[in-house]
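Chain by chain, the residues:
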Amino acid sequence: MLTSLLGFTLVAALLTISPGPDFAVVLRTALGSGRRAALCSALGVAAGCFVWGLAGAVGLTAMLAASRTAYDVLRVAGALYLMWLGIQALRSARRIRTAGAPEAEVPAAGREASGDGGGAPPVTPLRAFRTGLLTNVLNPKVGVVYMSLLPQFIPHGAPVIATTLLLVAVHAALGVLWLGGVAFAVHRARAVFQRPRIRRRLDQATGGVLLALGAAVGFETAR
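Quick caveat, the model's predicted, so the values are computed rather than measured.

Engineer: Break down the overall build of the protein for me, citing the residues and quoting the values.
Structural biologist: The secondary structure content of the protein amounts to 11 helices and zero strands. The helix and strand sequence of the protein, counted from the amino end, reads α-α-α-α-α-α-α-α-α-α-α. Considering the protein as a whole, with its 223 residues, one finds that 40% of them fall into the buried category. Accessible area of the protein: about 11,400 Å², with a carbon and sulfur share of 69%.

Shown next, in the form of structure tokens:
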């Protein structure tokens with residue numbers, strides 16, 4: 001069990017630091033709503049891991065893999081959700097540009113209080129958690145990866161559900177550490193990131209990434 005756990009931890013760490021929708025969502029939340037909301041978003045992502053882990057343990061993930069229609073429906077829903085998040089980010093960037101206040105005229109305290117330098121109002125921790133959760137749950141690739149990866153690290157004779165949850169807990173913990181680190185890094189540099197021009201560019205970048213990810217999933221599904 002220890003050997004399996006160490007091996008899975010290494011693989012899970014590589015998966016965790018790979019850029020993807022979860023990273024983009026937490027980064028955007030940290031920029032717009034601060035460290036607390038970003039941490040809640042990371043916890044939502046971790047909760048989504050447990051949803052997929054349980055689903056895989058009881059066979060739902062296998063059903064999704066076997067049913068092309070069910071898999072495609074979930075992928076389309078996930079693609080639309082990512083694109084919606086991307087549009088929200090681009091709209092926030094547009095609001096910042098429309099505000100048009102010169103950076104020197106915007107007090108630093110005011111920028112910090114508004115949370116986004118003139119963009120959309122900060123999201124609540126509960127909403128941030130829900131966004132992280134949905135981003136993960138609506139990504140069927142997580143379920144397929146779990147279905148193909150987790151069995152390789154479950155020792156023969158070990159209880160499947162308990163061991164699955166243990167491995168998922170390792171992956172979720174790594175995710176919270178990594179995404180939480182991103183949230184803290186953005187928070188430490190908030191004086192730079194809250195400058196309207198920089199914030200607008202970052203919103204445009206994260207919005208473009210989310211739109212591209214959603215479009216790529218939709219295109220791949222339609223093929």
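Engineer: Outline the environment of Ile198, supporting the account with residue identities and numerical values.
Structural biologist: Tracing the chain through its elements places Ile198 in helix H11 (residues 196-222). Remark: the alpha-carbon pair of Ile198 and Ala93, spanning 105 residues in sequence, is separated by 10.0 Å.

Engineer: So what's going on with the packing of helix H2 (residues 21-33) against helix H7 (residues 125-137)? Residues and values would help.
Structural biologist: Where H2 meets H7, the axes come as close as 9 Å, and the angle between the chain directions of the two elements is 165°. Here H2 is positioned roughly antiparallel relative to H7, judged by the angle of their axes. For the pair H2 and H7, the crossing hand works out as right-handed. On H7, the residues touching Pro21, Asp22, Val25 and Thr29 of H2 are Ala128, Thr131, Thr135 and Asn136. Looking at the contact of H2 with H7, its residues break down into three nonpolar, four polar and one charged.

Engineer: Residues and numbers for the confidence of the model for the protein, please.
Structural biologist: In low-pLDDT regions, the fine details of the predicted coordinates are not to be read closely. Mean pLDDT over the protein stands at 78; residues scoring 70 or higher make up 79%. Taken element by element, the protein is modelled with least confidence in helix H6 (residues 108-114), mean pLDDT 40, and with most confidence in H7, mean pLDDT 93. Ignoring residues within four places in sequence, the model shows residues 101-118, a span with pLDDT below 50, making 32 contacts including any to other chains.

Engineer: Give me the lowdown on a nonpolar patch on the surface, citing residues and values where you can.
Structural biologist: The grouping of Leu10, Leu14, Ile17 and Trp178 at the surface amounts to a nonpolar patch, some 400 Å² of accessible area in total. Here Leu10 is to be found in helix H1 (residues 2-16). The exposure class assigned to Leu10 is exposed, which follows from its relative accessible area of 58%.

Engineer: Account for the environment of Arg91, with residues named and values stated.
Structural biologist: Of note, Arg91 is situated in helix H5 (residues 68-99). Separated by 112 residues in the primary sequence, Arg91 and Asp203 place their C-alpha atoms 8.7 Å from one another.

Engineer: Break down the nonpolar core for me, citing the residues and quoting the values.
Structural biologist: Counting residues in hydrophobic clusters, the biggest one holds 17 residues, and the most contacted among them are Phe8, Tyr146, Leu150 and Leu167. Elements with a contribution of two residues or more to this core: H1, helix H3 (35-57), helix H8 (140-149) and helix H9 (160-188). Look past the residues within four positions of Leu150 in its chain and what remains in contact with it is Phe8, Val145, Thr164, Leu167 and Val168. Judged by nonpolar contacts, the second largest core, of 11 residues, contains Val26, Leu27, Ala30 and Ala183.

Calculation criteria
- Residues numbered from 1 in each chain as written.
- Predicted model: local features only at pLDDT ≥ 70, side-chain atom pairs only at ≥ 80, totals over all residues.
- Heavy atoms only, no water.
- Helix = DSSP H or I, 4+ residues; strand = E, 2+ residues; numbered from the N terminus.
- Buried < 20%, exposed > 50% of the residue type's maximum accessible area, 1.4 Å probe, protein only.
- Areas by Shrake-Rupley, 256 points an atom, 1.4 Å probe, with all protein chains shown as cover.
- Axes fitted to C-alpha atoms, helices over the stretch in contact; angles between N-to-C directions.
- Parallel < 35°, antiparallel > 145°, perpendicular 65-115°, else oblique.
- Left-handed = near helix turned anticlockwise from the far one by under 90°.
- Contact = heavy atoms within 4.5 Å.
- Nonpolar A, V, L, I, M, F, W, Y, C, P; charged D, E, K, R; others polar.
- pLDDT = per-residue confidence, 0-100.
- Patch = residues over 30% accessible without salt bridge, like charges linked within 9 Å, V, L, I, M, F, W, Y side chains within 5 Å.
- Salt bridge = Lys/Arg side-chain N within 4 Å of Asp/Glu carboxyl O.
- Core = buried A, V, L, I, M, F, W, Y, C linked by side-chain atoms within 4.5 Å.

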